[in-house]
Amino acid sequence: MTRAQIISRLLKPALFILLLVPLALLVQRGFSDTLGANPVETITHQTGLWALRLLLLTLAITPLCRITGINEFVRLRRMIGLYSFMYALLHFSTYAVLDHSLDLIAILADVVKRPYVTVGFSAFLMLIPLAATSHNRIIRLLGGKRWKRLHRLVYFCALGGVLHYLWLVKADTLSPLLYLAGFLVLMSFRLPSQVRARLRGGWRRLSLAQFGGRLLKEES
């Protein structure tokens, strides 16, 4: 088997099943009444987290290809992106149906009033055209360049998802800050090579300066 066949015939089906596991566990917990004191909050939180995780995983495909030299990993990106949209749709549906009983006025008021809801809702809206244009036929209709420009919205979706999580958390912000750090690292791979080289040079100079400062302190 070629590398492309291994990814398409083995890794992709395995990943397809694996990405359904979080949803299956939520359903199982629902039937066994183990979703906690606030089931709606648990479902909303878990579906939102998985939407964000998978969105960041789609951004990780390009760095993974560069680091490993295995460009065939790109074949997994569309499926992961669609799963991210599925969890985002479940996240929003739980919020709209179970939390607000499809009260559109209450939902709109919440979107306007709370910044974290505004950012999260905006990110979800931007995901819709990305999911809708994931089919090969749509890509051909749009043309490669226009499709790529449209799908750069994924960067804003991921940033919006991270900020939504960060602003939502009141006390322990360590987890959302880790997601933010991961997003920034993944975005650094999108910087032009000249910028990356300057940044690496800056970090090296900074490290040398710190090392020199420590030596001077020890000598004194």
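Up top is the structure these notes are about.
Remarks on the overall build of the protein chain
On a plain count of helices and strands, the protein chain comes out with 11 helices and 0 strands. In sequence order, the secondary structure elements of the protein chain are arranged as α-α-α-α-α-α-α-α-α-α-α. In the protein chain, the proportion of contacts linking residues at least 24 apart, taken out of those at least 6 apart, comes to 67%. With an accessible surface of roughly 14,200 Å², the protein chain has 67% of that area assigned to carbon and sulfur atoms.

Examining the nonpolar core
Within soluble globular proteins, side chains that are nonpolar tend to cluster in buried spots. Ranked by size, the top nonpolar core spans 33 residues in total, and within it Leu56, Leu59, Ile80, Leu127 and Tyr179 carry the most contacts. Among the secondary structure elements, those contributing two or more residues to this core are α1 (3-18), α3 (39-68), α4 (77-99), α6 (115-132), α9 (153-168) and α10 (174-188). Looking at this core element by element, the count peaks at 9 residues for α3. Those residues in contact with Tyr179 that lie beyond four places of it in its chain are Leu49, Leu52, Arg53, Leu56, Val162 and Tyr165. One finds Tyr95, Ala96, Val111 and Val117 within the second-largest nonpolar core, a separate group that totals 6 residues.

Here we look at unusual backbone geometry
Trans peptide bonds make up the majority, and among non-glycine residues the majority have a negative phi. One non-glycine residue, Asp33, adopts positive backbone phi at about 55°. The residue Asp33 is located in the loop between α2 (21-31) and α3 in this model. Classification of Asp33 as exposed rests on a relative accessible area of 68%. A positive phi angle, close to 50°, is found at Ser101, a residue other than glycine. Relative to the helices and strands, Ser101 resides in the loop between α4 and α5 (104-113). Using a relative accessible area of 60% as the deciding quantity, one classes Ser101 as exposed.

Comments concerning a positive patch on the surface
Positive charge collects at one region of the surface, where Lys145, Arg146, Lys148, Arg149 and Arg152 lie side by side. For Lys148, the location among the structural elements is in helix α8 (residues 144-150). On the basis of relative accessibility, which here comes to 54%, the residue Lys148 falls in the exposed class.

A word on the pattern of salt bridges
Evaluated as defined, the whole model comprises 2 salt bridges. Here Arg3 ties to Glu72 by a salt bridge, and the two come within 3.4 Å at their closest N and O atoms. Residue Arg3 is found in helix α1, and its partner Glu72 is found in the loop between α3 and α4; the two are separated by 69 residues along the sequence. For Arg114, the salt bridge goes to Asp110, with nearest N and O atoms at 2.6 Å.

A word on α6
Over its 18 residues, α6 runs 26 Å from end to end, which matches the ideal 26 Å to within 8%, given 1.5 Å per residue. Where α6 is concerned, the buried positions are Tyr116, Val117, Val119, Gly120, Ala123, Phe124, Leu127, Leu130 and Ala131. In an axial view of α6, the angular spread of the buried residues amounts to 160°, which keeps them on one side of the axis. Set apart from the buried face of α6 by more than 90 degrees, the exposed residues are Pro115 and Ala132. The secondary structure elements touched by the buried residues of α6 are α3, α4, α5, α8 and α9.

What to know about the side chain of Thr47
Within the element layout of this structure, Thr47 appears in helix α3. Excluding its chain neighbours within four sequence positions, the residues that come into contact with Thr47 are Leu26, Tyr87, Leu90 and His91.

So, the packing of α1 against α4
Axis separation between α1 and α4 bottoms out at 11 Å; the angle between their running directions is 10°. Looking at the two axes, α1 sits roughly parallel to α4. On α4, the residues that touch Lys12, Leu15 and Phe16 of α1 are Met79, Ile80 and Tyr83. When its residues are assigned to classes, the contact of α1 with α4 shows 5 nonpolar, no polar and 1 charged.

Quick word on the environment of Leu23
Summarising the element assignment, Leu23 is placed in helix α2. For Leu23, a relative accessible area of 24% puts it in the partly exposed group. The spacing of Leu23 and Trp50 is 27 residues in sequence and 9.3 Å in space, taken between C-alpha atoms. Residues in contact with Leu23, not counting those within four places in the same chain, are Met86, Tyr87 and Leu90.

So, how was this worked out
- Just so you know, the residues in each chain are numbered from 1, in the order the chain's sequence is written.
- Totals for whole chains, interfaces and linings use all residues, but because this is a predicted model, local features are given only for residues with pLDDT of at least 70 and pairs of side-chain atoms are given and counted only at 80 or more.
- Side-chain figures throughout are based on the complete set of non-hydrogen atoms in the structure, without hydrogens or water.
- A helix here means a DSSP run of H or I that spans at least four residues, while a strand means a run of E at least two residues long, and both kinds are numbered starting from the N terminus.
- In this description, contact between two residues means that some pair of their heavy atoms is separated by no more than 4.5 Å.
- For the area figures, the Shrake-Rupley method with a 1.4 Å probe applies, and any residue is considered shielded solely by the protein chains shown.
- For the purposes of this section, nonpolar cores are sets of buried Ala, Val, Leu, Ile, Met, Phe, Trp, Tyr and Cys residues that join through side-chain atoms within 4.5 Å.
- Any residue under 20% of the maximum accessible area for its type is buried, any over 50% is exposed, and the rest in between are partly exposed; the area is computed with a 1.4 Å probe on protein chains only.
- A residue counts toward a patch only above 30% relative accessible area and without a salt bridge, and it is joined to like-charged neighbours within 9 Å or, for Val, Leu, Ile, Met, Phe, Trp and Tyr, to nonpolar neighbours within 5 Å.
- We define a salt bridge as a side-chain nitrogen of Lys or Arg found within 4 Å of a carboxyl oxygen belonging to Asp or Glu.
- Under the counting rule used here, the positive set is Lys and Arg, the negative set is Asp and Glu, and His together with the chain ends is not counted.
- A single reference atom marks each charge: NZ on Lys, CZ on Arg, CG on Asp, CD on Glu.
- Multiply 1.5 Å by the residue count of a helix minus one, and that product is the helix's expected span.
- Picture the helix axis, draw a direction to every C-beta atom, and the arc is the one those directions span.
- A fitted line through C-alpha atoms represents every axis, and for helices the fit uses only the stretch in contact; the resulting angles, taken between N-to-C directions, go from 0 to 180 degrees.
- Any angle from 65 to 115 degrees is called roughly perpendicular, while one under 35 is roughly parallel, one over 145 is roughly antiparallel, and all others are oblique.
- Residues were grouped as follows: Ala, Val, Leu, Ile, Met, Phe, Trp, Tyr, Cys and Pro as nonpolar; Asp, Glu, Lys and Arg as charged; and all remaining residues, including Gly, as polar.

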